[in-house]
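Chain residues, written in single-letter form:
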Amino acid sequence: MMERDRIIGKVIGPNSLRASGRIFQCWTNAMSAAVAPQPLDLAGYVGQVVEVSGRLNDDLWEARFVGVIHGGYQEVNTTKGSIISCSTGASMGWGV
């Protein structure tokens, strides 16, 4: 089973976030089914820092919303091919 990539970043659009100096579009379907990409709805979180997971291939495919990050936020470098922006002194907000 392939491990999913995790991205923590600031939501800047209805299905996009900025993390590690890049903008990622998030799609709920697989890249192979990208004839009609289905956006991950992040519109309600614009301006907030969130965590999403999925399959990273330029954009984030098979993306799933994990939660809102509360508290301090600091970007760090990539780890094992997965772009991960970590938070410091933060907590996850579930069911937000």
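This text follows the structure it describes.
Report on the accompanying structure. (Residues numbered from 1 in each chain as written. Predicted model: local features only at pLDDT ≥ 70, side-chain atom pairs only at ≥ 80, totals over all residues. Heavy atoms only, no water.)

Some thoughts on the overall build of the protein chain
Stated formally: Numbering of helices and strands runs from the N terminus, with a helix taken as a DSSP run of H or I at least four residues long and a strand as a DSSP run of E at least two residues long. Note on classification: 1.4 Å probe, protein chains only; a residue is buried when its accessible area is under 20% of the maximum for its type, exposed when over 50%, partly exposed between these limits. Contact between two residues is taken to exist if any of their heavy atoms lie within 4.5 Å; hydrogens are not considered. Under the convention used here, a 1.4 Å probe and the Shrake-Rupley method define accessible areas, while residue burial counts only the protein chains that appear.
Within the protein chain, the regular secondary structure consists of zero helices and six strands. Mapped in sequence order, the helices and strands of the protein chain form the string β-β-β-β-β-β. By the burial criterion, 36% of the 96 residues in the protein chain qualify as buried. Long-range pairs, those at least 24 residues apart, make up 52% of the contacts in the protein chain between residues at least 6 apart in sequence. Accessible surface computed for the protein chain: about 5400 Å², of which carbon and sulfur atoms make up 53%.

A few points about the environment of I23
Note on placement: I23 falls in strand β3 (residues 22–25). On the accessibility criterion, I23 (43% relative accessible area) is partly exposed. Here I23 is in contact with I12, S16, L17 and R18, once residues within four sequence places are set aside.

Quick notes on the packing of aromatic side chains
Stated precisely, the cut-off is as follows: Side-chain rings of Phe, Tyr and Trp, where Trp is taken by its six-membered ring, are said to pair if the distance between their centres is within 6.5 Å; with planes under 30 degrees apart they count as stacked, over 60 as edge-to-face, and otherwise as tilted.
Per the counting criterion, the structure on display carries two aromatic pairs. With a centroid separation of 6.0 Å and an interplanar angle of 25°, the aromatic rings of W27 and W61 are classed as stacked. Here W61 lies in strand β5 (residues 59–71) and W27 lies in the loop between β3 and β4 (49–57), a separation of 34 residues in the sequence.

Remarks on the nonpolar core
Here is the rule we go by: By nonpolar core is meant a set of buried Ala, Val, Leu, Ile, Met, Phe, Trp, Tyr and Cys residues that side-chain atoms within 4.5 Å join together.
By size, the foremost hydrophobic cluster in this structure holds 14 residues, and its most contacted members are I7, L17, C26, L42, V50 and V52. Of all elements in the fold, only β1 (5–13), β2 (16–19), β4 and β5 reach the threshold of two or more residues within this core. Residue contributions to this core peak at three residues, all from β5. Among residues more than four places away in sequence, those in contact with V50 are I7, I8, G9, V11, L17, Y45, F65, G67, V68 and I69.

Thoughts on unusual backbone geometry
For S20, which is not glycine, the phi torsion reads 50° and is therefore positive. Structurally, S20 can be placed in the loop between β2 and β3. Located in the positive-phi region is E62, a residue other than glycine, with phi close to 55°. Tracing the chain through its elements places E62 in strand β5.

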